[in-house]
Structures are given as structure tokens and as C-alpha cells.
Amino acid sequence: MSMQKPMMWPAARERQKEGRRDAILAAAEALVRETGSTDFSVGVLAARAGVSIATLYNLIGSKGSILYALLNRTMDQLEAATRTTLAANPFDQALAAAEAVARVYTDDTDYLKPLWRFELGVVEPEHRPVLMNRALAFWASRLQGLERARRLPKGIELGDLAREYQIFFAGVLDLWVQNELSDDRFRIQVRYGILLRLLALGDTTEQERLMKDLRRTHRQLHRISNPDAGPGSRL
């Protein structure tokens, strides 16, 4: 007489599935860190996670789904890192949020570069729009102080500014992941680009202070781009 397997309650089954999903994501992160790329095969990933390829697909889906799950975890990091950058001045808050984002990337370069290189170079029509919408909402929430303080010029809405931040970061990230910007240059370039965008809002009460900061940041960019050159031009 055969023994029947004990019945597993739905909650227990779900916990087991969640544990396997976490194992797959942990294995994917480990492989990105070890190889410096996202080019590993699904078979290698499944073996590392201790599951079959069929189980991997059933639990999460394609390799692209797995990598986008890791990218969404990066967005979690960005949200957490910018919760502590609250400033009384909305312009300072907008700048601090951008700099906090840049630090998250450069604090974990070897992992985040290949991960974002995948996102920028591979078409994923199912997952990319979701991530991009999340990024847009992220910037809107971090720039909301400018809208609340009525510091946006007439005709410029919060969504417009958030989209500009998103487009700027997509460009500077592409240069960084292709190793055309060092970590230091990336951080300074972010500060410089955001200062330019804040100056473009035309707030006369902030213009002098922001311009002074822009000049200082421009000198930093010049020094890091031309370490053997002299003081260089001034703004």
C-alpha cells in the first residue's frame, strides 16, 4: 500500500515558492557579480539556484524577467537612499536626491554596471515600460517639493520636470555603463547636469546661489577631465 504525501497548506506552498524565487534572484545577483555580465545561461542560473529550468520558468519566467526583478530591487535601493535627503529648500532637495541616486550606482559599480547595461541594450517590451513608469513616478515624488513651494515656472508641470530628470539619467547612465565616465566623473556630471536644469527654472531667488555652485562644479569637471591641465576656463 503506497503512502500518500502529506497535504501542504496553500500558505506553506506559497512560502516554498517564495523561497525558491528568492534563491533564483540571489543566484542571479551572485552570477552578475562573479562574471561582471548578464550573459550567463538559464541552465547555469537554474543549477546555481538548485532548481530545474522548468521550475525557474514557472516561478519567475524568462531570464529577462529575472534581471528586471533585480533592476526593480535597485529601484527599491534608490527609494530608500533618497528618503533621508529631505531638505527644507526644494532646490537643495532636488539636487540631493539626484546625488544620492548617483552614489547608489557608484557604491556598487561592479554589479550595477552590467545590470543597467542589459536594461539599456536589450528590448524587453513587457518589463521595460513598467520599470520606466516606476522611475518616472520616483522622480516626480522626489521633485514634489518644487511644486508644493510653487517654484515651477508657468507652463512647466511636475511631470515635465520628472521626465527631464529621467531622460538625463538615462543618458548619463549610458555613458557610465559603457565606461566613458569614471565613477567620480559620473557623480560630478550628475551634479552639474541637475544644477543646469534647476537654473533653467528661472527662479531669481535661487539663481545666484545655484550659479555659484555650478561654477564650482564646472571647475571640478575640468580638473577630473584634464588632471594635467591648468586651472582652465571659468564660467
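The present account deals with the structure reproduced in this document.

1. Describing the pattern of salt bridges
Next up, step 1: Under the criterion given, the structure shown has 17 salt bridges.
Next up, step 2: The salt bridge involving E29 is made with R33; its shortest N-O contact spans 3.1 Å. Taken together, the residues E29 and R33, both in helix 1 (residues 10-35) and four residues apart, mark about one turn of the helix.
Next up, step 3: With relative accessibility at 23%, the residue E29 sits in the partly exposed group.
Next up, step 4: Note on R33: relative accessible area 39%, which makes it partly exposed.
Next up, step 5: With a closest N to O distance of 2.9 Å, R209 and D92 form a salt bridge. Here R209, found in helix 11 (residues 204-225), pairs with D92, found in helix 5 (residues 90-107); they are 117 residues apart in sequence, far enough to count as distant.
Next up, step 6: A cluster of three or more residues bridged by salt bridges with shared partners is formed by D92, R151, D203, E206 and R209.

2. Details of the side chain of T106
Next up, step 1: Inspection of the secondary structure assignment puts T106 in helix 5.
Next up, step 2: On the basis of relative accessible area, T106 is assigned to the buried category, the value being 9%.
Next up, step 3: Within the structure, T106 has its side chain in polar contact with the side chain of R187 (distance 2.9 Å).
Next up, step 4: Beyond its immediate chain neighbours, meaning those up to four positions away, T106 contacts W176, D183, F186 and R187.

Parameters and conventions
Residues numbered from 1 in each chain as written. Predicted model: local features only at pLDDT ≥ 70, side-chain atom pairs only at ≥ 80, totals over all residues. Heavy atoms only, no water. Salt bridge = Lys/Arg side-chain N within 4 Å of Asp/Glu carboxyl O. Helix = DSSP H or I, 4+ residues; strand = E, 2+ residues; numbered from the N terminus. Buried < 20%, exposed > 50% of the residue type's maximum accessible area, 1.4 Å probe, protein only. Polar contact = N/O pair within 3.5 Å; in protein donor to acceptor, adjacent residues only side chain to side chain. Contact = heavy atoms within 4.5 Å.

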